[in-house]
Amino acid sequence: MVLIIGFIIVCASVVGGLTLGGGNVMVLLHLSEFVTVLGICLGVMVIASPISVLKAVITKTIIALKGGPFSKSAYVDAMMMMYQVFMLSRKEGLMALEDHLSDPKNSEIFQRYPTFLNNAKATQFFVDTLRPIVDGRIKPEQLRGIVSSEIHSMNEEAHKPVNILALVGDSFPGIGICAAVLGIILTMGSVAEGAEVVGNKVAAALTGTFLGVFGAYGFINPLSALISSNNEAEERYFKLLGEGIISFANGMAPQMAIEMSRRSLLSSERPSADELEADLKGLNAAK
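One structure accompanies this document, and this report is about it.

**Concerning the nonpolar core**
At step 1: Among the nonpolar cores identified, the biggest contains 48 residues, and Met81, Val85, Phe116, Phe126 and Leu241 are the most heavily contacted of them.
At step 2: When contributions to this core are tallied by element, the ones reaching two or more residues are α4 (72-92), α6 (108-111), α7 (114-117), α8 (120-135), α9 (143-188), α10 (195-249), α11 (254-262) and α12 (273-286).
At step 3: Among the elements that make up this core, the one with the highest residue count is α4 (13 residues).

What follows is the structure, encoded as structure tokens:
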């Protein structure tokens, strides 16, 4: 929603400024320039991107329109979920987690936290990270390297849509110039038709340049920056999960393992220590 508000402000500023200057917004509506500029930009994306990256651009744009991948409550839910898992392991042993890890969708613990369970990527990461410890296939001290490697791969994959949008944003002004040049070519063929016709065609050509600069700095580059910020938020979510599991696997008490997770978040995302402690005590009281 914030992204949409930003786009509206950008468009309203252009329309308002043009109107205050005595202009008419209709002078910008040259369909040929829109087709040329937007068509070339779409072609650039298709040429530069595998299908998987194009799908990721669409997915991450939709997430950005919705306001971001995670709210503060999603981080809290993840910590409370881990606390319950760790407490179960502490009381009944690691093997008590086997049923929860083998069938996450039917886990009573996971079902209490839909923001976690409905995120298939996060659920798989949590299961894949904790299961080797439950199975005894790796030692706790080996876990950090595995988690770091997986998060690095996720981050690299998540950044590909940002690279594509950055490429399109950098190309937009040049594409606008291409559209303007095409317009000037058409204009030169209409010189004999009179000054009014020539003026209209020059205005149309200049609209192409305007669309290129406007599209780059008003839409594509800000969207790219927002998606990059969302990627960082997603990375912190997975670091939160990984840090909790690593800390617990290395012998920390469940509450301290969750505290280590909490400290991996930004101040705007994490609850205070007192708030988290109250939430965890509420879980214990509800049992």
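**A look at empty space enclosed by the protein**
At step 1: According to the stated counting rule, one finds one cavity of 30 Å³ or more in the structure shown.
At step 2: As for the largest cavity, its lining consists of Lys121, Ile151, Met154, Asn155, Ala158, Asn231, Glu234, Glu235 and Phe238.
At step 3: Secondary structure elements with two or more residues in the lining of the largest cavity: α9 and α10.
At step 4: Of the residues contributing to the lining of the largest cavity, the split by class is four nonpolar, two polar and three charged.

**Some remarks on the layout of surface pockets**
At step 1: Of the volumes computed, that of the largest pocket is approximately 570 Å³.
At step 2: Lining the largest pocket we find 25 residues, and of these Thr59, Lys60, Ile63, Lys121 and Glu234 sit closest to its centre.
At step 3: Put simply, the parts of the chain that give the lining of the largest pocket at least two residues each are α3 (51-66), α9 and α10.
At step 4: At seven residues, α3 tops the list of elements feeding residues into the lining of the largest pocket.
At step 5: Its residues assigned to classes, the lining of the largest pocket comprises eleven nonpolar, eight polar and six charged.

**Observations concerning the packing of aromatic side chains**
Where two aromatic rings form a pair, the distance of their centres and the angle of their planes describe that pair.
At step 1: Under the counting rule described, the total for this entry stands at twelve aromatic pairs.
At step 2: The interplanar angle of 50° and the centroid separation of 4.9 Å between the aromatic rings of Phe7 and Phe219 together place this pair among those described as tilted. You can see Phe7 sitting in helix α1 (residues 2-20) and its partner Phe219 sitting in helix α10, a full 212 residues away along the chain.
At step 3: Members of the aromatic cluster, connected to one another through ring pairs, are Phe70, Tyr75, Phe125, Tyr237 and Phe238.

**Observations regarding the environment of Pro173**
At step 1: By the secondary structure assignment, Pro173 is in helix α9.
At step 2: With sequence-adjacent residues up to four places away left out, Pro173 is seen in contact with Gly212, Val213, Ala216 and Tyr217.

**What about the side chain of Glu234?**
At step 1: Within the secondary structure, Glu234 is located in helix α10.
At step 2: The contacts of Glu234, once residues within four sequence positions are left out, are Lys60, Pro69, Phe70, Lys121 and Ala158.

**Let's talk about the packing of α1 against α10**
At step 1: Relative to each other, α1 and α10 sit at 160°, their axes nearing to 11 Å. As the angle between them shows, α1 and α10 are arranged roughly antiparallel. In terms of crossing hand, the pair formed by α1 and α10 is right-handed. Facing Leu3, Phe7, Val10, Cys11 and Val14 of α1, the residues of α10 in contact are Phe210, Phe214, Gly218, Phe219, Leu223 and Leu226.

**Section: helix α2 (residues 31-48)**
At step 1: Here α2 spans 26 Å end to end across 18 residues, near enough to the 26 Å set by a 1.5 Å rise per residue.
At step 2: Among all positions in α2, only Glu33, Val37, Cys41 and Met45 are buried. The buried residues of α2 occupy an angular sector of 90° when projected down its axis, which confines them to one face. Among the exposed residues of α2, those pointing more than 90 degrees away from its buried face are Leu31, Val35, Leu42 and Ile47.
At step 3: If you follow the buried residues of α2, they end up packed against α3, α9 and α10.

**Overview of the environment of Phe116**
At step 1: By the secondary structure assignment, Phe116 is in helix α7.
At step 2: By relative accessible area, Phe116 is classed as buried at 0%.
At step 3: Sequence separation between Phe116 and Glu193 is 77 residues; the distance between their C-alpha atoms is 66 Å.
At step 4: Here Phe116 is in contact with Met81, Phe110, Ala122, Thr123, Phe126, Tyr237 and Leu241, once residues within four sequence places are set aside.

About the criteria used
- Residues numbered from 1 in each chain as written.
- Predicted model: local features only at pLDDT ≥ 70, side-chain atom pairs only at ≥ 80, totals over all residues.
- Heavy atoms only, no water.
- Core = buried A, V, L, I, M, F, W, Y, C linked by side-chain atoms within 4.5 Å.
- Buried < 20%, exposed > 50% of the residue type's maximum accessible area, 1.4 Å probe, protein only.
- Helix = DSSP H or I, 4+ residues; strand = E, 2+ residues; numbered from the N terminus.
- 1 Å grid on protein atoms, 1.4 Å probe; cavity = no way out; pocket = protein on both sides within 12 Å on 5 of 7 lines; lining within 4 Å.
- Points joined across faces, edges and corners; volume = space filled by probe spheres on them.
- Nonpolar A, V, L, I, M, F, W, Y, C, P; charged D, E, K, R; others polar.
- Phe/Tyr/Trp six-rings, centres within 6.5 Å; stacked < 30°, edge-to-face > 60°.
- Contact = heavy atoms within 4.5 Å.
- Axes fitted to C-alpha atoms, helices over the stretch in contact; angles between N-to-C directions.
- Parallel < 35°, antiparallel > 145°, perpendicular 65-115°, else oblique.
- Left-handed = near helix turned anticlockwise from the far one by under 90°.
- Expected span 1.5 Å × (residues − 1).
- Arc of directions from axis to C-beta.

Keep in mind these numbers describe shape, not what the thing actually does.
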